[in-house]
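# Commentary on secondary and tertiary structure
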Amino acid sequence: MGLFDIFKRKPTTQPVEVVTLYPQPVAASQEPRIQVETLQPHPGQAIKIDLPALAVETSKQEVAQPLVDEKSQLDTKETLAEPDLASGLTKTRHTWTERWNRFMANFRQVDEDFFDDLEETLISADVGAQTAVQLTDELRDEVKLKNAKGQAEVSQIIMDKLIALYQAQGVTEDTDMHFAKQGPTVILLVGVNGVGKTTTIGKLSARYRAEGKKVLLAAADTFRAGATEQLVAWGERNQIPVVTGKAKSDPASVVYDGVETAIDQGVDVLFVDTAGRLQNNVNLMQELAKMKRIISRSLPGQPSEVLLVLDATTGQNALQQARLFKDSTDVTGIVLTKLDGTAKGGIILPIRNELHLPVKWVGVGEQVSDLQPFDADAFVKGLFGDLVEGH
Ligand SMILES: Nc1nc2c(ncn2[C@@H]2O[C@H](COP(=O)(O)OP(=O)(O)OP(=O)(O)O)[C@@H](O)[C@H]2O)c(=O)[nH]1
């Protein structure tokens, strides 16, 4: 099949320009080379892209017989290195510890004022109003039951309860990533602008490529200037092909082309980057629904994952966004980004406790390796480590 073969199955109203970036094997001394093909189909027709066999074989070939140069191998190693969650949570931990110590320094006795202050402290630590009230009620009973009176004893009971809540909440929720039994798995990244969708795709795609999966990216955020280039840059860095559309073109066309390319080229995982902002929220949600319809028409049962990306630095705002997206689309999991830059890491609790959305990944930096699967135990240690160790 030739490079300019036309698919007539799908009528579109807009011309689609598809740029495909794919890596070539290079001699050890050369920089990795990226070839760029620009295909300009006839208006009104969708196109099929033929990636060279090499492009789709890249990840598997690398496993069997390394084709990439030293630099790329270093990149892969970097991808595999687990970031340190505890250091990513430093700000949250310090702020929380300070706040807690201040609260406890004012301890006089266990009375209603104490519980009022406790509720306030919990709310200011972003555990969410509903959770703070629930926790305080439970603690009131427990402190009474255990007849706790001393500062250290009361502090210990509260800390144990908080830790238990963080660990218990969400255990019944599905934090696994799901893959198609056959054919390409499609993973859609959604969220408002600037939360870290593109960066997360860069990190996740590098991770799966390093595991030997054949990965493809689709730049369906045609709305924001520069969004496509940003994804293309990640594709170049990770040597992963990217399907793109013209600025302001119909994002659904890019999704369609991405899906068709994934099917034809035997891709394992297709990541779709979506716009974070359209004219309004209704448009945004309609656009997402349209993308999902297009994906499932060609690949029944897909997308396997609709990951909602939330910026932890926005605190309660992130919670509002989660509510909005949850009500309008089937979110399968949360990626909580920028935990490294915030004291608002506590927000993870209401996301799980109040919205019952599984947090699947957490972002702790801008580098490719700064993403890790969410682990409640590690998170709790990162959050309360200073206080618990002090006991
Ligand atoms: N510190 C830190 N920065 C991050 C993290 N994730 C993303 N960023 C940064 O956040 C900024 C926005 O990230 P993008 O990936 O462009 O966000 P986006 O959601 O794709 O944005 P739009 O394309 O505008 O919708 C970039 O500067 C990223 O480097 C993280 O975990 N930690």
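Look up: the structure comes first, before these words.
This report concerns the structure included in the present document. (Residues numbered from 1 in each chain as written. Predicted model: local features only at pLDDT ≥ 70, side-chain atom pairs only at ≥ 80, totals over all residues. Heavy atoms only, no water.)

## Focus: the overall build of the protein
Broken down by element type, the protein carries 14 helices and 12 strands. Taken across its 391 residues, the protein has 55% of its residues classed as buried. Taking all contacts inside the protein whose residues are at least 6 apart in sequence as the whole, residues at least 24 apart take part in 78%. For the protein, the computed accessible surface area is about 16900 Å², with 49% contributed by carbon and sulfur atoms. (Helix = DSSP H or I, 4+ residues; strand = E, 2+ residues; numbered from the N terminus. Buried < 20%, exposed > 50% of the residue type's maximum accessible area, 1.4 Å probe, protein only. Contact = heavy atoms within 4.5 Å. Areas by Shrake-Rupley, 256 points an atom, 1.4 Å probe, with all protein chains shown as cover.)

## Points about a negative patch on the surface
A cluster of acidic residues, Asp 113, Asp 116, Asp 117 and Glu 120, forms a negative patch on the protein surface. Turning to its location among the elements, Asp 117 is positioned in helix α5 (residues 112-124). (Patch = residues over 30% accessible without salt bridge, like charges linked within 9 Å, V, L, I, M, F, W, Y side chains within 5 Å. Salt bridge = Lys/Arg side-chain N within 4 Å of Asp/Glu carboxyl O. Lys, Arg positive; Asp, Glu negative; His and termini not counted. Charge placed at Lys NZ, Arg CZ, Asp CG, Glu CD.)

## Focus on the pairing of strand β8 (residues 269-273)
Each regular strand carries side chains that alternate between the two faces of the sheet. By the criterion of burial, β8 is predominantly enclosed, with five of the five residues buried. Side chains of β8 alternate between two faces, with Val 269, Phe 271 and Asp 273 and Leu 270 and Val 272 buried alike. As judged from the five bridges shared by strand β5 (residues 185-190) and β8, these two strands associate in the parallel manner. Each bridged residue has a counterpart across the sheet, and for Leu 189 the counterpart in β8 is Asp 273. Across five bridges, the pairing between strand β6 (residues 215-219) and β8 is parallel. Considered in β8, the bridge of Val 215 is made with Val 269. (Pairing = 2+ DSSP bridges.)

## Topic: the environment of Val 232
Tracing the backbone shows Val 232 in helix α9 (residues 227-238). The class of Val 232 is buried, set by a relative accessible area of 15%.

## Focus on the pairing of strand β11 (residues 359-363)
Where burial is concerned, most of β11 is hidden: five out of the five residues are buried. With three bridges joining them, strand β10 (residues 333-337) and β11 adopt parallel strand pairing. Counterpart to Val 335 in the pairing with β11 is Trp 361. Where β11 meets strand β12 (residues 371-373), three bridges bridge the pair, whose relative direction is antiparallel. Across the sheet, Gly 363 pairs through a bridge with Leu 371, a residue of β12.

## A closer look at the site of the ligand
Around the ligand, the surrounding shell holds 20 residues, and the nearest of these are Thr 198, Thr 199, Arg 224, Asp 340 and Glu 366. A distance of 2.7 Å is found between an oxygen atom of the ligand and a side-chain nitrogen or oxygen belonging to Lys 197. Between the ligand and the protein, one listed contact pairs an oxygen atom with a side-chain N or O atom of Glu 366 at 2.6 Å. Computed on the free molecule, the ligand has an accessible area of 650 Å², of which 83% lies beneath the protein chains in the complex. Judged by the fraction of its atoms near the pocket grid, the ligand is located in the largest pocket. No other element matches the four residues that helix α8 (residues 197-210) contributes to the shell around the ligand. Residue classes in the shell around the ligand are distributed as three nonpolar, 10 polar and seven charged. (Near = heavy atom within 4 Å. Polar contact = N/O pair within 3.5 Å; in protein donor to acceptor, adjacent residues only side chain to side chain. 1 Å grid on protein atoms, 1.4 Å probe; cavity = no way out; pocket = protein on both sides within 12 Å on 5 of 7 lines; lining within 4 Å. Sits in = over half its atoms within 2 Å of the grid points. Nonpolar A, V, L, I, M, F, W, Y, C, P; charged D, E, K, R; others polar.)

## Digging into the pattern of salt bridges
Across all of its chains, the model carries 11 salt bridges by this definition. Residue Lys 292 pairs with Asp 330 through a salt bridge whose shortest N-O separation is 3.7 Å. Taken together, the residues span a long stretch of sequence, with Lys 292 in helix α11 (residues 281-298) and Asp 330 in the loop between α12 (316-328) and β10 at a distance of 38 residues. Judged by its relative accessible area of 57%, Asp 330 falls in the exposed class. Taking the shortest distance from any N to any O, the salt bridge between Lys 360 and Glu 305 comes out at 3.0 Å. Residue Lys 360 is found in strand β11, and its partner Glu 305 is found in strand β9 (residues 305-311); the two are separated by 55 residues along the sequence. Lys 360 gets classed as buried once you look at its relative accessible area, which sits at 3%. By sharing partners, the salt bridges in this structure join Glu 138, Glu 142, Lys 146 and Lys 161 into a single network.

## Considering the packing of aromatic side chains
One pass over the full model with this rule turns up seven aromatic pairs. With a centroid separation of 5.4 Å and 85° between ring planes, the pair formed by Phe 179 and Tyr 208 is classed as edge-to-face. Of this pair, Phe 179 sits in the loop between α7 (151-168) and β5 while Tyr 208 is found in helix α8, placing the two residues 29 residues apart along the sequence. Pairwise contacts between aromatic rings join Trp 96, Trp 100, Phe 103, Phe 107, Phe 114 and Phe 115 into one cluster. Taking the ring centre of Trp 234 as reference, the NZ or CZ of Arg 237 above it sits at 4.1 Å. When the ring centre of Phe 223 is taken as origin, the NZ or CZ atom of Lys 248, which lies over that ring, is 5.3 Å away. (Phe/Tyr/Trp six-rings, centres within 6.5 Å; stacked < 30°, edge-to-face > 60°. Lys NZ or Arg CZ within 6 Å of the ring centre and 35° of its normal.)

## Describing the side chain of Thr 198
Relative to the helices and strands, Thr 198 resides in helix α8. Excluding residues that lie within four positions of it along the chain, Thr 198 makes contacts with Gln 230, Leu 231, Trp 234 and Asp 273.

## Examining the environment of Leu 349
Counting through the fold element by element, Leu 349 comes out in helix α13 (residues 348-353). In this structure Leu 349 comes out as buried when scored by relative accessible area, which is 0%. Distance in space between the C-alpha atoms of Leu 349 and Tyr 166 is 6.3 Å, their sequence separation being 183 residues.

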